[in-house]
Amino acid sequence: MDAVDRIFAQWRAERPDLDVTAMGPIGRLSRVYHHHARRMGETFARHGLNGAGFDVLATLRRSGPPHALSPGALMAAMMITSGTMTNRIDQLVKQGLVSRAPDPDDARRAVVQLTDKGFALIDKAVADHAQTQAALLAPLSDTEIAALDAGLRKLMAAEEDRAPE
């Protein structure tokens, strides 16, 4: 019995007329997310990063050579606001992990690019992150991981279909 089962039992006793079935997966997803976010945050911290900085560096790294994107492209890839993006970039520039330069195709825009230091750091951090994520899913079999991923993909697709353009 876990914490969500105890919550179920309380609701069943207090409101037997309610169907609380959906509270199980939603409650567990929420609790698992918070536990996993903490563990992943510990991984990022070992590399001197937080989740926000890791996201920017990882987005640039996976974009392929020259590992540079406009702030707008970064925002679209990360689904965050411009003010948030500006703050993240400023912090990473101060750390010497990214640089900002004029876009060679449009001088009105900037391009954010991984520095050599940022490239080396994100390569180490993402390898450590992948190990952390594998450890977080270790209690599940490969078949269970595939089933979980399929179910979450279906839920995510439904939410994305509902999301305004």
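Provided above is the structure to which this section pertains.
Residues numbered from 1 in each chain as written. Predicted model: local features only at pLDDT ≥ 70, side-chain atom pairs only at ≥ 80, totals over all residues. Heavy atoms only, no water.

Trainee: Help me understand the environment of Ala 157, please; the structure alone is not making it clear to me.
Mentor: Take Ala 157: it is sitting in helix H7 (residues 142-162). Look at Ala 157 and you get partly exposed, because its relative accessible area is 34%. Sequence separation between Ala 157 and Leu 60 is 97 residues; the distance between their C-alpha atoms is 25 Å. (Helix = DSSP H or I, 4+ residues; strand = E, 2+ residues; numbered from the N terminus. Buried < 20%, exposed > 50% of the residue type's maximum accessible area, 1.4 Å probe, protein only.)

Trainee: Teacher, can you tell me more about the packing of helix H3 (residues 51-62) against helix H6 (residues 116-136) here?
Mentor: The description of two helices packed together rests on the angle between their axes and the distance between the axes. Running from N to C, H3 and H6 point in directions that differ by 105 degrees, and their axes come no closer than 10 Å. If you check the angle between H3 and H6, you find them roughly perpendicular. On H6, the residues touching Phe 54, Leu 57, Ala 58 and Arg 61 of H3 are Phe 119, Leu 121, Ile 122, Asp 123, Ala 125, Val 126 and His 129. A class-by-class count of the residues in the contact of H3 with H6 yields eight nonpolar, one polar and two charged. (Axes fitted to C-alpha atoms, helices over the stretch in contact; angles between N-to-C directions. Parallel < 35°, antiparallel > 145°, perpendicular 65-115°, else oblique. Contact = heavy atoms within 4.5 Å. Nonpolar A, V, L, I, M, F, W, Y, C, P; charged D, E, K, R; others polar.)

Trainee: I keep staring at the packing of H3 against helix H4 (residues 71-78) and nothing clicks. Help me out?
Mentor: Contact geometry of H3 with H4 gives a least axis separation of 10 Å together with a crossing angle of 110 degrees. Here H4 runs roughly perpendicular to H3, going by the angle between their axes. Contact residues: H3 offers Ala 52, Asp 55, Val 56, Thr 59, Leu 60 and Arg 62, while H4 offers Leu 74, Ala 77 and Met 78. A per-class count over the contact of H3 with H4 returns six nonpolar, one polar and two charged.

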